[in-house]
There are 2 protein chains.
Amino acid sequence: MLGAIEAGGTKFVCAVSPDGQKVEHREEFPTLSPEETMVTVYHYFEHHPVESIGIGSFGPVDIKKTSPTFGYIEETPKQSWQHFNFLGEMQRHFPKIKFAFTTDVNAAAYGEFKKGAGQGVSDLVYWTVGTGIGAGVILNGQILQGYGHPEAGHILVKRHSEDSFIGVCPYHHDCLEGLASGPAMEKRYNTSAKNISENSTAWVIEAYYLAQACMTLTLTVAPEKIIFGGGVMHQKQLIPLIQKEFTELLAGYVKTPPVDQYITSIQLHDDAGVIGGFQLAKDL
Amino acid sequence: MLGAIEAGGTKFVCAVSPDGQKVEHREEFPTLSPEETMVTVYHYFEHHPVESIGIGSFGPVDIKKTSPTFGYIEETPKQSWQHFNFLGEMQRHFPKIKFAFTTDVNAAAYGEFKKGAGQGVSDLVYWTVGTGIGAGVILNGQILQGYGHPEAGHILVKRHSEDSFIGVCPYHHDCLEGLASGPAMEKRYNTSAKNISENSTAWVIEAYYLAQACMTLTLTVAPEKIIFGGGVMHQKQLIPLIQKEFTELLAGYVKTPPVDQYITSIQLHDDAGVIGGFQLAKDL
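Residues numbered from 1 in each chain as written. Chains lettered and ligands numbered in written order. Predicted model: local features only at pLDDT ≥ 70, side-chain atom pairs only at ≥ 80, totals over all residues. Heavy atoms only, no water.

### Things to note about the overall build of chain A
Scanning chain A from terminus to terminus reveals 9 helices and 10 strands. The globule rule puts the C-alpha radius of gyration for 284 residues at 19 Å, and the 19 Å found for chain A is close to it. With the principal axes as the frame, chain A shows a C-alpha extent of 55 × 40 × 35 Å. Taking all 284 residues of chain A together, the buried fraction comes to 61%. When contacts within chain A are restricted to residue pairs at least 6 apart in sequence, those whose partners lie at least 24 apart make up 62%. On chain A, roughly 11,500 Å² of surface is accessible, and the fraction owed to carbon and sulfur atoms is 51%. Between the mean site of the 21 positive side-chain charges and the mean site of the 31 negative ones, chain A shows a separation of 4 Å. (Helix = DSSP H or I, 4+ residues; strand = E, 2+ residues; numbered from the N terminus. Rg over C-alpha atoms; globule rule 2.2 N^0.38 Å. Buried < 20%, exposed > 50% of the residue type's maximum accessible area, 1.4 Å probe, protein only. Contact = heavy atoms within 4.5 Å. Areas by Shrake-Rupley, 256 points an atom, 1.4 Å probe, with all protein chains shown as cover. Lys, Arg positive; Asp, Glu negative; His and termini not counted. Charge placed at Lys NZ, Arg CZ, Asp CG, Glu CD.)

### Some words on the nonpolar core
W127(A), F228(A), W127(B) and F228(B) are the most contacted members of the largest nonpolar core, which totals 100 residues. M38(A), Y42(A), F58(A) and I97(A) belong to the second-largest nonpolar core, a separate cluster that totals 28 residues. (Core = buried A, V, L, I, M, F, W, Y, C linked by side-chain atoms within 4.5 Å.)

### Some details on helix α3 (residues 104-115) of chain B
Residues and elements named next belong to chain B. Taking 1.5 Å per residue as the helical rise, α3 with its 12 residues ought to reach 16 Å, and the 16 Å between its terminal C-alpha atoms agrees with that figure. For α3, the tally of buried residues reaches 9 of 12 residues, placing the bulk of the element in the interior. Within α3, burial applies to V105, N106, A107, A108, A109, Y110, G111, E112 and F113. (Expected span 1.5 Å × (residues − 1).)

### Here we look at the environment of Q279(A)
All names here are of chain A. With respect to the secondary-structure elements, Q279 resides in helix α9 (residues 272-283). Sequence-wise, Q279 and D19 are 260 residues apart; in three dimensions their C-alpha atoms are separated by 8.9 Å. The residues contacting Q279, other than those within four sequence positions of it, are G20, Y110, K114 and K115.

### As for the interface of chain B and chain A
Listed by partner, the interface residues are 40 residues for chain B and 40 residues for chain A. Where chain B abuts chain A, roughly 3,500 Å² becomes buried across the two surfaces, and 64% of that area is made up of carbon and sulfur atoms. It is Y147(B), L156(B) and Y253(B) that lose the most area in chain B upon contact with chain A, and together they represent 21% of the buried surface on that side. Here chain B is connected to chain A by 6 salt bridges. K255(A) is the salt-bridge partner of E74(B), the closest N and O atoms lying 3.3 Å from each other. (Buried area = accessible area lost by both parts, 1.4 Å probe. Salt bridge = Lys/Arg side-chain N within 4 Å of Asp/Glu carboxyl O.)

### Concerning the sheet that holds strand β10 (residues 263-265) of chain B
Residues and elements named next belong to chain B. Strand order in the open sheet formed by 5 strands is β8-β7-β6-β9-β10, and the pairing between neighbours is mixed. Every other strand in the sheet has two partners, leaving β8 (142-143) and β10 as the edge strands with one partner each. Pairing analysis gives 3 bridges linking strand β9 (residues 225-229) to β10, with the strands arranged parallel. The partner of I227 across the bridge, within β10, is T264. (Pairing = 2+ DSSP bridges.)

### Some points on the domain arrangement of chain A
Residue and element names in this part refer to chain A. You can read the domains of chain A as domain 1 (1-105 + 269-281) and domain 2 (118-265). Placing the centre of domain 1 and that of domain 2 at their C-alpha centroids yields a distance of 26 Å. Contact residues are listed per partner, giving 8 residues for domain 1 and 11 residues for domain 2. Sorting the residues of domain 1 by area buried against domain 2 places I63, K64 and V105 first, and these three jointly supply 63% of that buried surface. Across the contact surface, domain 1 and domain 2 share 1 residue pair in polar contact (both at pLDDT 80 or more). Grouping the amino acids of the side of domain 1 that touches domain 2 by side-chain chemistry returns 5 nonpolar, 2 polar and 1 charged. (Domains from an automatic or database assignment. Polar contact = N/O pair within 3.5 Å; in protein donor to acceptor, adjacent residues only side chain to side chain. Nonpolar A, V, L, I, M, F, W, Y, C, P; charged D, E, K, R; others polar.)

### Some remarks on the packing of aromatic side chains
Centre distance and the angle of the planes are the two values used to describe a pair of aromatic rings. All names here are of chain B. In this structure the tally under the stated criterion is 30 aromatic pairs over all chains. Aromatic side chains Y110 and F113 sit 5.8 Å apart centroid to centroid with 40 degrees between the ring planes, which places their arrangement in the tilted category. One end of the pair is Y110 and the other is F113, both in helix α3 and 3 residues apart, which spans about a single turn. By the burial criterion, Y110 is buried, and F113 matches it. Where Y208 meets Y209, the ring centres are 5.8 Å apart and the plane angle is 65 degrees; that geometry is what we call edge-to-face. Like Y209, Y208 is buried. (Phe/Tyr/Trp six-rings, centres within 6.5 Å; stacked < 30°, edge-to-face > 60°.)

### With respect to unusual backbone geometry
Residue and element names in this part refer to chain A. The residue after G59, namely P60, is reached through a cis peptide bond having omega 5 degrees. Topologically, P60 is positioned in the loop between β4 (52-57) and α2 (86-93). The phi dihedral of H83 falls on the positive side, at around 60 degrees, and the residue is not glycine. Tracing the backbone through its elements, the reader meets H83 in the loop between β4 and α2. In this structure H83 comes out as partly exposed when scored by relative accessible area, which is 47%. A positive phi angle, close to 50 degrees, is found at N140, a residue other than glycine. Within the element layout of this structure, N140 appears in the loop between β7 (133-139) and β8 (142-143). Under the relative-accessibility criterion, N140 is labelled exposed at 56%.

### Concerning the relation of the copies chain B and chain A
For the pair chain B and chain A, the superposition axis carries a translation of 0.0 Å, the fit reaches an RMSD of 0.0 Å, and the rotation angle comes to 180 degrees. Those values place the two copies in the arrangement expected of a two-fold rotation axis. Relative to the rotation axis, the C-alpha of K158(B) is the closest in chain B, positioned 2.4 Å from it. A symmetric contact is evident, with 100% of the interface residues of chain B recurring at the interface of chain A. (Least-squares fit on C-alpha atoms with pLDDT ≥ 70 in both.)

### Some words on the sheet that holds β8(A)
Residues and elements named next belong to chain A. Spatially, the 5 strands line up as an open sheet ordered β8-β7-β6-β9-β10, and their pairing is mixed. The sheet is open, and its two borders are formed by β8 and β10 (263-265), each paired with just one other strand. Relative to β10, helix α7 (residues 238-250) is tilted by about 170 degrees, and along the sheet it contacts β9 (225-229) and β10. (Axes fitted to C-alpha atoms, helices over the stretch in contact; angles between N-to-C directions.)

### What about the environment of K282(B)?
Residues and elements named next belong to chain B. Relative to the helices and strands, K282 is located in helix α9 (residues 272-283). You can call K282 partly exposed: its relative accessible area is 46%. For K282 and F99, which are 183 residues apart along the polypeptide, the C-alpha to C-alpha distance reads 9.9 Å. The residues contacting K282, other than those within four sequence positions of it, are L2 and D19.

Here it is in structure tokens:
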């Protein structure tokens, strides 16, 4: 049996699967302090025994295997989780279980790669656009990681001519996340993104920034497919708008697959993270 | 004996090395039509026999090994080279020699990685800033390539508040290359970059854009080192200015190695491309 933990800043999901695709059982609970949360995690896997577990964690996390703090959560606004040895505590509690450890976004990217919209390609980018913006990159079937893991949500962007919003990123103000995350839309328009008419220019501006996100990753890692998920992407009008803005921005400079196949929606939706976790566990 | 071809848009360099580092002999000649140029290349390697050759070519080139046009030059402003089967012609002429084929920037990046400023790290980005801007990325010791190869010179950037220059990129106007290449500086200031005083704000603006280039690659591929080469980088004041702007822009959002080790100058200078070619040949 395979296990997965999707450790989010707001909620945790634990799940088990016999084959890495079917979610046989899943449980969600709120993210409290590490001590309180981990008790629930331990309890879950004591009652649902598995051979291996794939963990996708909120972060920033240290996912460099050669690092002395591999598997730790790093500097995070969630004070009690700072420098928490997530992987180490799991290994200490379950010495016979094998573990894979990566970011929440990487796990979802891997899920989409193996069992979702990315099946059949070897290189993809997965963008999640919600409370924050993040990207997971798969190249030659492997999760991309260098010195750290991509934090592409904070790339700088060229401003839309009709947008003078200062941005919500506490580090960079008007980086991608500062201008195009869910909270950025809410603060700019003083209402939840859900309440904005689907024909509003707001979505054109949003698509302009997300198209730049696609353009930057196209030019830096050259994937075969770019997949979007996350709360903001529930707006169905966004994908065609992003495709249009992307085509105009890139201006044919490099070849990509046809844009309607190149830039697409997530397929596994809420299961992408746990299925990615199962698949990482399966690879062990 | 190992061979290297650095195929630039203006000049070709052919060279041989006994060990992949020492340049035993090199010859430069102008890039004419493919027919004329290749005759000189054939002639060179007929007189300097080698077992394997690493080619770094101007492009865009097709470097996807599984592609039916692997080794071809693609759409390029140099009309006579369009769709030229560079690798295929070399293989046809020298059926007993083994070949590696990549972009000119990737070859230089690989040279710096193996024998230059990138020795000892496993992940790096090499930026060349000259007539154009390009990046080569090495991750886990391998040249990064997905659907195509990085064309990071054309990423979009946030404008410097004191810069209203329209940009020189025929595709995107004010992308990175449009605002920060040698020709961009020349056109903006109406003089060669060489003639601009080293204390001029021009270098601060230039560093602001190149720092964004570093920030984007830090956030998307997370290298251990970023190395700059190319004609514009002969201005020694640039590296410290880029380090300063980078530190301010990133605002500590992600960890990188100390900035004076993280962002550095090329070590192999004009030899990076051929040494990279030798090293690629040696890997075969």
